[in-house]
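Fold and geometry: a report
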Amino acid sequence: MKILVPVKRVIDYNVKPRVKADGSGVDLANVKMSMNPFDEISVEEAIRLKEAGKAEEIVAVSIGPAKATETLRTALAMGADRAILVETDDEVEPLAVAKILKAIVDEESPRLVITGKQAIDDDSNQTGQMLAALLGWGQGTFANTVEVEGEAITVKREIDGGLQTVKLNLPAVVTTDLRLNEPRYASLPNIMKAKSKPLDTKTPGDYGVDTTPRLTTTNVGEPPKREAGEILEDVDALVAKLKDMGVA
Ligand code: AMP
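Residues numbered from 1 in each chain as written. Predicted model: local features only at pLDDT ≥ 70, side-chain atom pairs only at ≥ 80, totals over all residues. Heavy atoms only, no water.

1. Considering the overall build of the protein chain
The line we're drawing: Each helix is a run of DSSP H or I of at least 4 residues and each strand a run of E of at least 2, with the numbering of both proceeding from the N terminus. For the exposure calls, accessible area comes from a 1.4 Å probe over protein chains only, and a residue counts as buried if that area is under 20% of its type's maximum, exposed if over 50%, partly exposed in between. It only takes one pair of heavy atoms within 4.5 Å for two residues to be counted as in contact. Surface exposure here means Shrake-Rupley accessible area, sampled with a 1.4 Å probe, where a residue is shielded only by the protein chains that are shown.
For the protein chain, the helix and strand inventory stands at 6 helices and 11 strands. Structurally, the protein chain occupies a C-alpha span of about 65 × 40 × 40 Å along its principal axes. Expressed as a percentage of the 248 residues in the protein chain, the buried residues total 42%. Pairs at least 24 apart in sequence give 70% of the contacts found in the protein chain among residues at least 6 apart. Put simply, the protein chain shows about 14,100 Å² of open surface, and 50% of that area lies on carbon and sulfur atoms.

Now the structure itself:
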């Protein structure tokens with residue numbers, strides 16, 4: 001079985017994003033970028049399936065600027081076998097990403113696509129679902145546990161208040177949630193080895209996909225500042241204060 005793993009280059013999760021002064025977006029100048037954390041979990045899960053003898057090849061794909069090559073090299077260093085960069089400097093929305101991924105699936109014929117549940121920059125949580133719809137495949141989203149048995153895959157899904165178990169026939173799309181696994185760090189020898197693994201470069205045009213945005217961002221703003229707290233003497237003072245504020 002071949003597994004396709006889409007990985008997105010996003011602002012590092014430890015970085016506090018700065019909003020551009022004109023409110024047009026987040027300032028990415030000189031900001032540390034990394035692989036989307038949910039995509040690290042996807043790569044890890046694909047590697048575990050390969051190590052368990054359930055998969056033979058892992059192909060990582062990224063749609064983004066030339067620098068997304070670094071993200072792909074990270075996936076290769078973790079254990080992916082080869083990579084495809086679909087190079088574009090445009091901001092590509094989930095539907096266009098899903099269309100590009102569909103074209104790659106048509107070409108590569110994987111039995112399983114593992115995406116992250118969401119990219120932490122746009123928080124869309126759409127791409128995996130759209131891809132499954134475009135392909136007409138089943139989808140197991142927000143995966144907490146994944147088990148492949150022959151032509152079927154069982155996915156325990158994180159839902160409000162518990163876990164839901166679904167069984168899908170392959171081919172299928174799975175999207176990963178936080179508790180699925182703990183991604184490994186790439187070792188130095190594997191980072192070196194990754195440099196010589198195959199990496200193809202394509203463009204959205206090669207797949208006949210128009211990446212023109214369908215949405216217009218009208219404004220990006222900072223979240224409201226938290227106001228300083230106040231320490232009150234006793235419960236009576238608290239109740240009086242709450243009454244004053246009209247909440248009690
Ligand atoms: P989203 O729907 O944007 O929240 O993204 C969900 C998942 O789709 C991500 O975790 C990635 O696995 C995949 N994805 C989204 N955008 C890209 C991209 N530009 N390149 C590769 N994978 C992507």
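2. Quick look at the sheet that holds strand E5 (residues 82-87)
Applicable threshold: Between any two strands, at least two bridges found by DSSP are needed for them to pair. Every angle, taken between N-to-C directions, lies between 0 and 180 degrees, and every axis is a line fitted to C-alpha atoms, over only the stretch in contact when it is a helix.
Spatially, the 9 strands line up as an open sheet ordered E9-E8-E7-E10-E6-E1-E4-E5-E11, and their pairing is mixed. Bordering the open sheet on either side are strand E9 (162-169) and strand E11 (199-202), each of which pairs with just one other strand. Ignoring strand direction, the axes of neighbouring strands in this sheet form an average angle of 30°.

3. Details of the pairing of E5
Condition: Every crossover in which the path from the first strand over the helix to the second runs clockwise, viewed with the strands pointing away from the viewer, is termed right-handed.
Most of E5 is tucked away, with 5 of its 6 residues classed as buried. Pairing between strand E4 (residues 57-64) and E5: 6 bridges, direction parallel. Following the sheet pairing, Ile-63 is matched in E5 by Val-86. Crossover E4 to E5 through helix H2 (residues 68-78) is right-handed. Both E5 and E11 contribute to a ladder of 4 bridges, which runs parallel. Bridge pairing in E11 places Ala-83 opposite Leu-199.

4. Remarks on the site of the ligand
So the rule is basically this: In these notes, residues near a molecule or strand are those with any non-hydrogen atom within 4 Å of it. Polar contacts, as used here, are pairs of N or O atoms within 3.5 Å; protein pairs need one atom able to donate a hydrogen and one able to accept it. Residues neighboring in sequence count only if both atoms are side-chain atoms.
In the vicinity of the ligand there are 19 residues, among which Asp-39, Ile-63, Ala-119, Asn-125 and Thr-127 approach most closely. One nitrogen or oxygen atom from the side chain of Asp-39 is found 2.5 Å from an oxygen atom belonging to the ligand. The backbone of Gly-116 places a nitrogen or oxygen atom 3.0 Å from an oxygen atom of the ligand. When isolated, the ligand has an accessible area of 480 Å², and the protein chains bury 99% of it.

5. Topic: the pairing of strand E1 (residues 2-6)
For E1, the buried fraction is high: 5 of the 5 residues fall into the buried class. Burial along E1 is two-sided: the residues Lys-2, Leu-4 and Pro-6 and Ile-3 and Val-5 are all buried. Taken together, the 5 bridges between E1 and E4 define a ladder with parallel strand orientation. Among the inter-strand pairings, Pro-6 is bridged to a residue of E4, identified as Val-61. Sheet topology places E1 next to strand E6 (residues 112-116); 2 bridges connect them, and they run parallel.

6. Notes on the side chain of Ser-42
Among the secondary structure elements, Ser-42 is positioned in helix H1 (residues 37-51). A residue is classified by how much of its surface remains accessible, and Ser-42, at 0% relative accessible area, is buried. Ignoring anything within four residues of it in the chain, the contact list for Ser-42 reads Val-5, Ile-114, Thr-115, Gly-116 and Thr-176.

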